[in-house]
Amino acid sequence: MIHKVFTWPVDLLVTVGEKVKEEVDKEFYDLEFIQQKLTNLQMMYEMDEIPEELFLEQEEILLARYRIAKEQEQDMMRESLED
């Protein structure tokens with residue numbers, strides 16, 4: 001019991017760290033999330049809510065993340081087929 005009293009701050013920190021990592025992974029590697037961001041970006045541009053320069057810059061970033069996420073997805077599929 002006393003062990004839990006001293007380790008709960010570390011356990012809590014680990015749990016919070018895992019949740020943060022999940023959200024970061026979703027932000028950077030989830031294909032559907034990236035596609036939604038691209039769609040939103042396109043809509044903002046078409047409605048003149050953002051300038052073309054910002055649109056092109058953000059689109060380039062999102063497309064690069066999409067390519068990385070797609071490559072990771074394909075790598076996982078190859079690995080599962082090899083097993």
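Each value, and the rule that gives it
Residues numbered from 1 in each chain as written. Predicted model: local features only at pLDDT ≥ 70, side-chain atom pairs only at ≥ 80, totals over all residues. Heavy atoms only, no water. Helix = DSSP H or I, 4+ residues; strand = E, 2+ residues; numbered from the N terminus. Rg over C-alpha atoms; globule rule 2.2 N^0.38 Å. Phe/Tyr/Trp six-rings, centres within 6.5 Å; stacked < 30°, edge-to-face > 60°. Core = buried A, V, L, I, M, F, W, Y, C linked by side-chain atoms within 4.5 Å. Buried < 20%, exposed > 50% of the residue type's maximum accessible area, 1.4 Å probe, protein only. Contact = heavy atoms within 4.5 Å. pLDDT = per-residue confidence, 0-100.

Asks: Sorry if this is basic, but what is going on with the overall build of the protein chain here?
Replies: Helix and strand content of the protein chain: three helices and zero strands. The order of α-helices and β-strands along the protein chain, N terminus first, is α-α-α. Relative to the globule expectation of 12 Å for 83 residues, the C-alpha radius of gyration of the protein chain, 19 Å, shows a markedly less compact shape. Dimensions along the principal axes, computed over C-alpha positions, put the protein chain at roughly 60 × 40 × 15 Å.

Asks: Explanation requested: the packing of aromatic side chains in the structure shown.
Replies: The relative placement of two aromatic rings is captured by the distance of their centres and the angle of their planes. Enumeration according to the criterion identifies one aromatic pair in this entry. Judged by centre distance (4.5 Å) and plane angle (15°), the ring pair of Tyr45 and Phe55 falls under stacked. Residue Tyr45 is located in helix H2 (residues 31-46), and its partner Phe55 is located in helix H3 (residues 52-82); the two are separated by ten residues in the primary sequence.

Asks: Mind showing me how you'd approach the nonpolar core here?
Replies: Judged by nonpolar contacts, Leu31, Ile34, Leu38, Leu41, Ile50, Phe55, Leu62 and Ala69 together constitute the single largest core of eight residues. Considering every element that reaches this core, the biggest residue donor is H2, with four residues. Setting aside residues up to four positions removed in sequence, Leu62 forms contacts with Ile34, Lys37, Leu38 and Leu41.

Asks: Explain the confidence of the model for the protein chain to me, please; I cannot follow it from the model alone.
Replies: Detail in the predicted coordinates should be disregarded across regions flagged by low pLDDT. Averaged over all residues, the pLDDT of the protein chain equals 86, while 90% of them reach at least 70. H2 holds the highest mean pLDDT among the elements of the protein chain, 96, whereas helix H1 (residues 2-29) holds the lowest, 72.

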